[in-house]
Amino acid sequence: MPGLLQRRLVFVTGKGGVGKSTVAISLGLLAARRGLRVIVAELASQDRVRQAFDRSGEIFEEVQVSDGMFTISIDPQSAMEEYLRVKTGSVGQVLGSSRLFAAFAMATPGMRELLTIGKVWELAQFERRTSGAGVYDLVIVDSPAAGHGVGILRTPRTFAEIARVGPIAHQARTIAATIADPEFTAVIAVSTAEEMPVNETLWLRDALAQDELALDAVIVNGCYPERFRDAERKRLEAARRRAKSPLVGAALGAALSEHARAQAQREQLARLRDGLGTGLLELPLLFSEEVGPAELEQLADGLDAGLATLESVPV
Amino acid sequence: MPRVSELLEGKRVCVCGGSGGVGKTTTSAAIALGMAAEGAKVAVVTIDPAKRLANALGLQELENEPRRVPPARLAKAGVEIQGELWAMMLDPKRTFDELIDRIAADPQRAQELKSNRVYRELSTAVSGSQEFTAVAKLYELDRDGDFDLLVLDTPPSRNAVDFLDAPGRLTSFLEGRALKTFVRPTGIGMRVLGRGASPLLGALRRITGVDLLSDLSTFFALLGDMTEDFSERAAQVQRMLTASTTAFLLVTSAQRSAIDEAIWFRRTLSESELPFAGVIVNRVHHDVLGDAEPDDLVSSLGDLPADLAARVAENFTDYHLLARRDGRNLARLQAEMGDRPLLLVPHLDDDVHDIEGLLAVKRYLFASDVERERLIADVVA
């Protein structure tokens, strides 16, 4: 089984608020460090990657953000127009400018998702359909939050079943096959060590299994360090009761909070490990005033070390 | 800093919007709890509550109607309720089916429609069905008029604005605007497509696949004149959402991405002329240190072993960095909100998974300024 960064397409999914985009970006930095030409694709008109690197760019434009690393923000409308232009020549031009067709396409259940994932598929191909576009070694997709994230992976298959014949069905089947090919595609989940994200991750694993897809790795973000031992808690509590200044009291309170949170996190991590039956990659909480380029590189270091450990364990 | 009860004075509908992972469900439930405590008969419609919280509130997956949270259960958690707290978990598929049942000309038509492949995909899949049914359910409950206040948790969409967009998109689709030109209520879609007079229709057939269009035509044939009902409903829902008795509360965390979403959401509310009532920010790290230097902290902790004291000081410094990060993000949010104050809830030590947890959040949301200061001092120190 190829390592995570040896695939051509990696979907990064997970509940909202767990730092999914940050992990997707850091994964991109790691891939670029290893000499890969990588693009991080964002969906639904988000542009967090461009923001993180302070770059400007148009929607649907492949923008370089650092050495070997690019980003694109995919919207269904642009994906549809490109598809029509490339696939159907002059007729496509007519359709592309037809508001009726656009309305139909956009309103058809699942069509927006199919168009979006169609573009993702195109980015990962050895031969690009988009004229003048370069080939990527790796496409990382910052997928929508879990429920929708799984939905977008399912869409090609669903569409192929509904449409059955015609170019769209054919395209959908091709994309579905690519997603299901473990040599080509990986799906990873980002979580935090909290109840809801852990529930979501376990749910995601089950939902993917229903479609015969595997959850290739789980990355737990924002892990508190184990700073204080259980045996020290009583001492800290006593000291807080005795505290003469509010500042000292606050410091001791913060210490006790940290201890409580770290403990709660450990419980959730255990639950996740038990539920998954596989290893986890833990990333530390970054105590910094902002999550800027330096912090992203730090996370990339963490991913590097973590992946090495995960991938050294035989499946 | 306002109390939530002030923000919701005179309101009958409260919609809690915001991006995923910010604590919307918890906040919605805590608001409902607080308003019920003050005497109102409140129903909270949750979308995707955590199992433990759902159990604590007695939410049943099998029901699609509000159920009263037993007062005894609340009393046990230390809450004295003057009013009533009701709660439910939204089932989008069921809500959709119920809507069809209500609107269809007869049960047979309803059944045919519910078996149609396009309908099944539409009522369960990604295309905004959660958002659509959340609003539909809210509308039903509002029309029934059984409650003083309805609080709606919104789906964890990839972006908060989805909640405002998706119902409209879905309604447009159901209204058949896109296909009105070539699907007649009495005709079968294929007959119309078979004529294929214009190159457009031919290309459409070629590109999208005959079967898909056939299914869609059947779907619309079945919907028939129900599409007018959807339009009518959509108009009524719009009236409910823009009413002076409706309030949109923004829920966010201090994370940069959540705040970006909140700002976008606020602007969209403005543009759509939807009534914005306030912002609640969860999981805030309060800056206790400010500009003070923690250097002598270690010596002030003299009665602790040196190593432990050093770790306490290091932890405090780290916490302070997080507080400053939050502060910067909040400043950006405040700038957007102008003179409208933000309602801050501190980062609590554990997830909210029971009524006691809801109570803890509720205290912040309903506290006076004095009470809130005292609460925060307790949390941090």
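Presented here is a report on the structure given in the accompanying data block. Every chain is numbered independently, its residues counted from 1 as its sequence is written. Here chains are named by letter from A upward and ligands by number from 1 upward, in the order in which they appear as written. Whole-chain, interface and lining totals are the exception, using all residues; otherwise, since this is a predicted model, local features are given only for residues with pLDDT of at least 70 and side-chain atom pairs are given and counted only at 80 or more. Side-chain measures were taken over the full set of non-hydrogen atoms in the model, leaving aside hydrogen atoms and water.

1. As for the overall build of chain A
- Secondary structure elements are defined from DSSP: runs of H or I of at least 4 residues count as helices, runs of E of at least 2 residues count as strands, and each element is numbered from the N terminus. When helices and strands are counted, chain A shows eleven helices and eight strands.
- Relative to its full complement of 315 residues, chain A shows a buried share of 58%.
- Contact between two residues is taken to exist if any of their heavy atoms lie within 4.5 Å; hydrogens are not considered. Looking at chain A alone, contacts between residues at least 24 apart form 72% of all its contacts between residues at least 6 apart.
- Accessible areas in this description were obtained via Shrake-Rupley with a 1.4 Å probe; residue shielding takes into account the shown protein chains only. Carbon together with sulfur atoms contributes 51% to the accessible area of chain A, which is approximately 12,800 Å² in total. Exposed residues in this analysis have more than 50% of their type's maximum accessible area, buried residues have under 20%, and partly exposed residues fall in between, with area computed by a 1.4 Å probe over protein chains only.

2. Some words on the overall build of chain B
- When its secondary structure is counted, chain B shows 18 helices and eight strands.
- Considering only intrachain contacts with a sequence separation of at least 6, the fraction spanning at least 24 residues in chain B is 80%.
- Accessible surface, chain B: about 15,900 Å² in total, of which carbon and sulfur atoms supply 48%.

3. Brief notes about helix 14 (residues 256–271) of chain B
All names here are of chain B.
- In this model, helix 14 (16 residues) spans 23 Å end to end at C-alpha, consistent with the 22 Å of a helix rising 1.5 Å per residue.
- Looking only at helix 14, the buried set comprises Ala258, Ile259, Glu261, Ala262, Ile263, Phe265, Arg266, Thr268 and Leu269.
- Glu273 sits one or two residues past helix 14 and shows a positive phi near 55 degrees. Here a helix's expected span is defined as the number of its residues, less one, multiplied by 1.5 Å.

4. Things to note about the packing of helix 8 (residues 195–210) of chain A against helix 10 (residues 246–276) of chain A
Residues and elements named next belong to chain A.
- Axis lines are fitted through C-alpha atoms, for helices just across the contact stretch, and the angle between N-to-C directions can take any value from 0 to 180 degrees. The N-to-C vectors of helix 8 and helix 10 enclose an angle of 5 degrees; their axes lie 10 Å apart at closest approach. By the angle between their axes, helix 8 is roughly parallel relative to helix 10. Of the residues in helix 10, those in contact with Glu195, Val198, Asn199, Thr201, Leu202 and Arg205 of helix 8 are Gln268, Arg271, Leu272, Gly275 and Leu276.
- Here the residues of the contact of helix 8 with helix 10 sort into four nonpolar, four polar and three charged. Orientation is classified from the angle alone, with under 35 degrees giving roughly parallel, over 145 giving roughly antiparallel, 65 to 115 giving roughly perpendicular, and any other angle giving oblique. Charged residues are taken to be Asp, Glu, Lys and Arg, nonpolar residues to be Ala, Val, Leu, Ile, Met, Phe, Trp, Tyr, Cys and Pro, and polar residues to be all remaining types, Gly included.

5. Brief notes about the sheet that holds strand 1 (residues 9–14) of chain A
Residue and element names in this part refer to chain A.
- Strand pairing is assigned whenever DSSP detects at least two bridges linking the two strands. Taken together, eight strands build an open sheet; the order of strands is 3-4-2-5-1-6-7-8 and the sheet is mixed. Strand pairing shows two members of the sheet lacking a second neighbour, strand 3 (63–66) and strand 8 (281–284), which therefore form its edges. Each neighbouring strand pair of the sheet contributes to a mean axis angle of 25 degrees, computed without reference to strand direction.
- Two strands pair when backbone bridges link them, and strand 6 (residues 185–192) and strand 7 (residues 217–223) are joined in this way by five bridges, in the parallel orientation. Within strand 7, the position partnered with Val190 by the bridge is Ile219.
- The strands that helix 1 (residues 20–33) touches are strand 1, strand 2 (38–43), strand 3, strand 4 (69–74), strand 5 (138–145), strand 6, strand 7 and strand 8; relative to strand 5, the one it contacts most, it runs at about 175 degrees.
- In the packing of helix 11 (residues 293–312) onto the sheet, the strands contacted are strand 7 and strand 8, and the crossing angle to strand 8 comes to about 160 degrees.

6. Quick notes on the sheet that holds strand 5 (residues 149–153) of chain B
All names here are of chain B.
- Taken together, the eight strands give an open sheet; going across it, the order is 3-4-2-5-1-6-7-8, and neighbouring strands pair in mixed fashion. The open sheet has two free edges, formed respectively by strand 3 (67–68) and strand 8 (342–346), since each of these has just one partner strand.
- Alignment of strand 1 (residues 13–17) against strand 6 (residues 246–253), held across five bridges, turns out to be parallel. Each residue of the ladder has a partner; that of Cys16, found in strand 6, is Leu249.
- The sheet strands contacting helix 2 (residues 24–37) are strand 1, strand 2 (41–46), strand 4 (84–89), strand 5, strand 6 and strand 7 (276–284), and the helix crosses strand 5 at an angle near 170 degrees.
- Docked against the sheet, helix 17 (residues 355–366) engages strand 7 and strand 8, running at close to 150 degrees with respect to strand 8.

7. Overview of helix 5 (residues 92–103) of chain B
All names here are of chain B.
- Between its first and last C-alpha atoms helix 5 spans 17 Å; for twelve residues at 1.5 Å apiece the expected length is 16 Å, and the two agree.
- Three or more residues of helix 5 are buried, namely Pro92, Thr95, Phe96, Asp97, Leu99, Ile100 and Ile103.
- Polar contacts here mean pairs of N or O atoms no more than 3.5 Å apart (in protein, one a potential hydrogen donor and the other a potential acceptor; neighbouring residues in sequence count only if both atoms are side-chain atoms). Between the side-chain oxygen at the start of helix 5 and the backbone nitrogen of Lys93 there is a gap of 3.2 Å, and the oxygen is on Asp91.

8. Points about unusual backbone geometry
- Its identity is not glycine, yet Asp54 of chain A carries a phi of approximately 60 degrees, on the positive side.
- Inspection of the secondary structure assignment puts Asp54 of chain A in the loop between helix 2 (48–52) and strand 3.
- Positive phi outside glycine occurs at Glu273 of chain B, with the angle close to 55 degrees.
- By the element assignment, Glu273 of chain B lies in the loop between helix 14 and strand 7.
- A relative accessible area of 66% places Glu273 of chain B in the exposed class.

9. Examining the pattern of salt bridges
Residues and elements named next belong to chain A.
- We define a salt bridge as a contact between a side-chain nitrogen of Lys or Arg and a carboxyl oxygen of Asp or Glu at a distance within 4 Å. Applying the stated criterion to the full structure yields 38 salt bridges over all chains.
- For Arg233, the salt bridge identified is with Glu237, shortest N-O distance 3.1 Å. Residue Arg233 and its partner Glu237 are located together in helix 9 (residues 233–242), separated by four residues, close to a single helical turn.
- One continuous salt-bridge network, built from bridges that share partners, spans Glu62, Glu82, Lys119, Glu122 and Arg128.

10. Examining the side chain of Thr95 of chain B
All names here are of chain B.
- With respect to the helices and strands, Thr95 occurs in helix 5.
- Its relative accessible area of 6% is what places Thr95 among the buried residues.
- Residues within four places of Thr95 in sequence aside, it is in contact with Asn64, Leu90, Thr133, Ala136 and Lys137.

11. Some thoughts on the side chain of Lys137 of chain B
All names here are of chain B.
- Its location among the elements puts Lys137 in helix 8 (residues 129–144).
- Judged by relative accessible area, which is 3%, Lys137 ranks as buried.
- Reaching out from Lys137, the side chain makes a polar contact with the backbone oxygen of Asn64 at a distance of 2.8 Å.
- Apart from the residues within four sequence positions on either side, Lys137 is in contact with Asn64, Glu65, Met88, Leu90, Thr95 and Glu98.

12. Comments concerning the state of the cysteines
Residues and elements named next belong to chain B.
- Note on terminology: disulfide denotes any pair of cysteine sulfur atoms within 2.5 Å. A complete count under the given rule lists zero disulfides over all chains for this structure.
- No disulfide involves Cys14; its nearest neighbouring cysteine sulfur is the one of Cys16, lying 4.1 Å away.
- Residue classification places Cys14 among the buried positions, given a relative accessible area of 0%.

13. Points about the packing of helix 14 of chain B against helix 16 (residues 306–337) of chain B
Residue and element names in this part refer to chain B.
- Axis separation between helix 14 and helix 16 bottoms out at 10 Å; the angle between their running directions is 5 degrees. Taken together, the axes of helix 14 and helix 16 are roughly parallel relative to one another. Packed against helix 14, whose contacting residues are Arg256, Ile259, Asp260, Ala262, Ile263, Arg266 and Arg267, the element helix 16 presents Asn329, Leu330, Arg332, Leu333, Glu336 and Met337 at the interface.
- Its residues assigned to classes, the contact of helix 14 with helix 16 comprises six nonpolar, one polar and six charged.

14. Some remarks on the packing of aromatic side chains
Residues and elements named next belong to chain A.
- Geometry of aromatic contacts follows a simple scheme: Phe, Tyr and Trp rings, the Trp one being its six-membered ring, pair when their centres are within 6.5 Å, and the pair is stacked under 30 degrees between planes, edge-to-face over 60, tilted otherwise. For the structure on display, the rule yields three aromatic pairs over all chains.
- Ring geometry for Phe70 versus Tyr136: centroids 5.6 Å apart, planes at 70 degrees, classification edge-to-face. A residue pair is termed long-range when its members are at least 10 positions apart, and Phe70 in strand 4 and Tyr136 in the loop between helix 5 (111–123) and strand 5 qualify at 66 residues. This pair shows no difference in class: Phe70 is buried, exactly as Tyr136 is.

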